[in-house]
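# Chains, contacts and geometry: an overview
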Amino acid sequence: MTEETFSSAFDYIKVHPKSGAASLMGSRCRSCGTVLLGARRACPACCARESLEEFQLAMAGSLRSFTIVHRSYPGVQTPFIAAIVNLDGGGVLKGTLRNFPADPMRLSRGLRLRVQFAPTDQRDREGRTFVCHHLEAEPAL
Amino acid sequence: MTSAYLVGIDMIPFGRYPHRSAADLGAEAVLLALDDAGLSINDIQAVYAGTHLMANALMGQQILRQVGETGVPIVNVANACATGATAFREAVLAVRAGQYQMALAVGIEKMGRGLLEVPRGIEGFSEEGEVASLTPPAMFSHLGIEHAFKYGTTFEQFAKVAVKNHHHSTFNPKAFSRRETPLEEVMASEMISYPNTKLMCSINVDGAAAAVVASEGMMRRLGLVARSLRIRASVLTSNPFVLSEDAVTDFNQVTRNCARLAYEAAALGPDDLDLVELHDCFATAELLHYENLGLCGEGEAGSLIDGGVTAAGGAMPVNLSGGLLSKGHPLGATGIANIYEVALHLRHEAGARQVPDAQIALTHVVGGIPDLGSACAIHVLERP
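A short tour of the structure in this document, coming up. (Residues numbered from 1 in each chain as written. Chains lettered and ligands numbered in written order. Predicted model: local features only at pLDDT ≥ 70, side-chain atom pairs only at ≥ 80, totals over all residues. Heavy atoms only, no water.)

## Thoughts on the overall build of chain B
When you go through chain B residue by residue, the secondary structure sums to twelve helices and eleven strands. By the compact-globule yardstick of 21 Å for 384 residues, chain B fits well, its C-alpha radius of gyration being 19 Å. Its C-alpha atoms put chain B at 55 × 50 × 40 Å along the principal axes. Looking at chain B residue by residue over its 384 residues, the buried ones come to 65%. Taking the contacts inside chain B whose residues are at least 6 apart along the sequence as the reference set, 76% of them involve residues at least 24 apart. Surface accessibility of chain B: about 12800 Å² in total, with carbon and sulfur atoms responsible for 51%. Between the averaged position of the 26 positive side-chain charges in chain B and that of its 41 negative side-chain charges there is a distance of 7 Å. (Helix = DSSP H or I, 4+ residues; strand = E, 2+ residues; numbered from the N terminus. Rg over C-alpha atoms; globule rule 2.2 N^0.38 Å. Buried < 20%, exposed > 50% of the residue type's maximum accessible area, 1.4 Å probe, protein only. Contact = heavy atoms within 4.5 Å. Areas by Shrake-Rupley, 256 points an atom, 1.4 Å probe, with all protein chains shown as cover. Lys, Arg positive; Asp, Glu negative; His and termini not counted. Charge placed at Lys NZ, Arg CZ, Asp CG, Glu CD.)

## Overview of the pattern of salt bridges
In this structure the tally under the stated criterion is 30 salt bridges over all chains. We note a salt bridge from A:Glu126 to A:Arg128, for which the minimum N-O separation is 3.5 Å. As a salt-bridge pair, B:Arg220 and B:Glu216 come within 3.0 Å of each other at their nearest N and O atoms. Of this pair, B:Arg220 and B:Glu216 both sit in helix H7 (residues 216-221), separated by four residues, roughly a single helical turn. Counted as one network, the salt bridges with shared partners bring together B:Asp36, B:Arg227, B:Arg347 and B:Glu349. (Salt bridge = Lys/Arg side-chain N within 4 Å of Asp/Glu carboxyl O.)

## Overview of the state of the cysteines
Inspection of every chain in the model, using the stated rule, returns zero disulfides over all chains. Unpaired in this structure, A:Cys32 has its nearest cysteine sulfur neighbour in A:Cys43, at a distance of 3.7 Å. In this structure B:Cys376 is not part of a disulfide, and its nearest cysteine sulfur, from B:Cys258, lies 3.9 Å away. Exposure remark for B:Cys376: the relative accessible area of 0% places this residue in the buried category. (Disulfide = S-S within 2.5 Å.)

## Regarding helix H4 (residues 136-151) of chain B
Taking 1.5 Å of rise per residue, 16 residues should cover 22 Å, and H4(B) covers 23 Å from first to last C-alpha, within 8% of that figure. At the exit of H4(B) stands B:Gly152, carrying a positive phi of roughly 75°. (Expected span 1.5 Å × (residues − 1).)

## Points about the nonpolar core
All names here are of chain B. Counting residues in each nonpolar core, the largest one holds 88 residues, and the members touching the most others are Tyr 290 and Leu 295. Here the element with the most residues in this core is helix H8 (residues 253-266); it accounts for six residues. Formed by 40 residues, the second largest nonpolar core is a distinct cluster that contains Ala 4, Leu 6, Ala 94 and Ala 105. (Core = buried A, V, L, I, M, F, W, Y, C linked by side-chain atoms within 4.5 Å.)

## Structural notes on the interface of chain B and chain A
Contacts between chain B and chain A engage 40 residues on the former and 47 residues on the latter. Summed over both sides, the interface of chain B with chain A buries roughly 3800 Å², with 58% coming from carbon and sulfur. A:Arg98 serves as the salt-bridge partner of B:Glu130, at 3.3 Å between the closest nitrogen and oxygen. The tally of links from chain B across to chain A stands at 19 residue pairs in polar contact (both at pLDDT 80 or more). With eight residues, H4(B) is the single largest residue contributor to the side of chain B that touches chain A. (Buried area = accessible area lost by both parts, 1.4 Å probe. Polar contact = N/O pair within 3.5 Å; in protein donor to acceptor, adjacent residues only side chain to side chain.)

## Structural notes on helix H3 (residues 83-96) of chain B
Residues and elements named next belong to chain B. Taking 1.5 Å as the rise per residue, H3 with 14 residues should run 20 Å; its terminal C-alpha atoms sit 20 Å apart, in good agreement. Of all 14 residues in H3, twelve are buried, a share of seventy percent or more. Residues Thr 83, Gly 84, Ala 85, Thr 86, Ala 87, Phe 88, Arg 89, Ala 91, Val 92, Ala 94, Val 95 and Arg 96 constitute the buried set of H3.

Put into structure tokens, the structure is as follows:
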């Protein structure tokens with residue numbers, strides 16, 4: 001029996017194997033300033049090598065685009081909101097927007113969103129629970 | 001570098017052929033294209049065969065088993081929805097380089113029904129719904145909403161693309177779907193991924209199309225001048241880095257880069273075009289590509305469709321074939337089928353949908369896969 005009980009659903013999510021605590025992992029290019037999700041071997045924007053450094057992505061941002069998915073693959077519950085968020089300070093992330101009405105009139109450009117993590121009901125081969133992110137609207141002030 | 005000419009081209013009617021193999025569909029298209037030019041498979045010095053979903057199937061070899069195993073070099077090509085046009089471009093490049101005098105390009109696909117599946121990321125994790133959506137309609141809906149956020153483009157304007165292209169299809173006997181769909185019907189049909197309803201999505205059908213490309217010398221020697229078309233631009237691009245690529249695959253910048261290079265190569269601009277066949281895989285995509293191809297200014301796509309400019313009889317008719325929304329979209333065949341449509345017009349053989357005195361036309365396809373990348377191919381053809 002393994003001691004690790006959580007694992008990451010994506011290579012750009014860091015998950016603590018025991019607590020399940022998670023964060024977004026990003027990179028920033030020292031040469032051109034580009035910010036992106038995860039890691040790459042060289043900067044995809046300016047092609048500089050050994051110029052990417054780990055970068056702490058913000059856990060909040062504003063709505064860049066969305067779609068409301070009514071028809072999905074078999075077994076997937078619909079409708080759901082697929083959202084794209086411009087993270088504060090750089091990086092663009094997609095995620096499912098939860099706890100929000102599936103109404104295009106309510107989804108306006110720039111809507112403030114935050115990134116949340118939660119264990120999913122899926123497990124990897126070793127039986128560890130996949131952890132992944134979703135999006136929620138920031139509560140109105 | 002010699003010029004390359006399109007000397008023969010044809011497509012089978014797109015549709016559902018459950019009892020025929022992909023190779024059989026491809027073989028039929030090849031024989032039709034050879035017949036179009038009065039040629040034999042023995043005249044062909046190289047073959048470029050495109051299929052995306054059967055990329056590992058040696059499709060070109062399978063086809064030559066059906067129509068003549070001449071032993072010529074065959075290159076099998078896969079490049080998402082740009083597969084057929086990529087194969088065509090390989091034929092053009094080989095002829096231009098002087099390596100061959102006559103080359104064949106063929107594109108084929110047998111499609112399943114329903115939403116296309118895409119390759120997955122982390123093993124064992126099924127991300128659909130957990131983390132947005134990998135479905136193709138969702139991808140193009142995101143891009144449509146991005147445009148709507150920037151420019152106020154409406155659901156109704158996107159829906160008008162389907163009304164227009166379905167209207168065009170009523171003049172095309174080779175389209176899979178050939179019926180009028182009024183605006184109310186398009187907007188009220190099943191919502192797939194807002195704002196794309198079912199009637200705003202291309203149809204998964206089987207299909208094949210083939211084309212013969214020849215050098216100028218060979219074209220003249222064989223007396224094929226009358227119906228040959230000069231290939232003025234043949235350009236392929238892959239997705240350049242864009243900031244949003246971690247969230248949605250780029251179809252805009254890859255098309256813009258390709259269009260710029262194609263206009264440069266052809267030494268002309270969008271105003272010189274008599275018609276365009278562009279990649280309307282979803283209704284939202286067509287409006288984006290009006291701007292990506294420079295058919296209008298930034299943010300003007302909505303008013304272009306409202307004004308009927310891109311409809312039959314308009315100043316810049318787009319997708320007179322009915323587009324992918326009506327013809328259907330067999331991935332590997334689509335790029336060559338688009339070239340077939342403009343060839344009909346440039347040869348003045350398009351019948352009821354003929355653009356009067358068409359001289360120059362552009363074809364565009366762009367394909368991509370969520371989180372992986374994209375490819376765009378543009379061709380500009382001219383009546384000599």
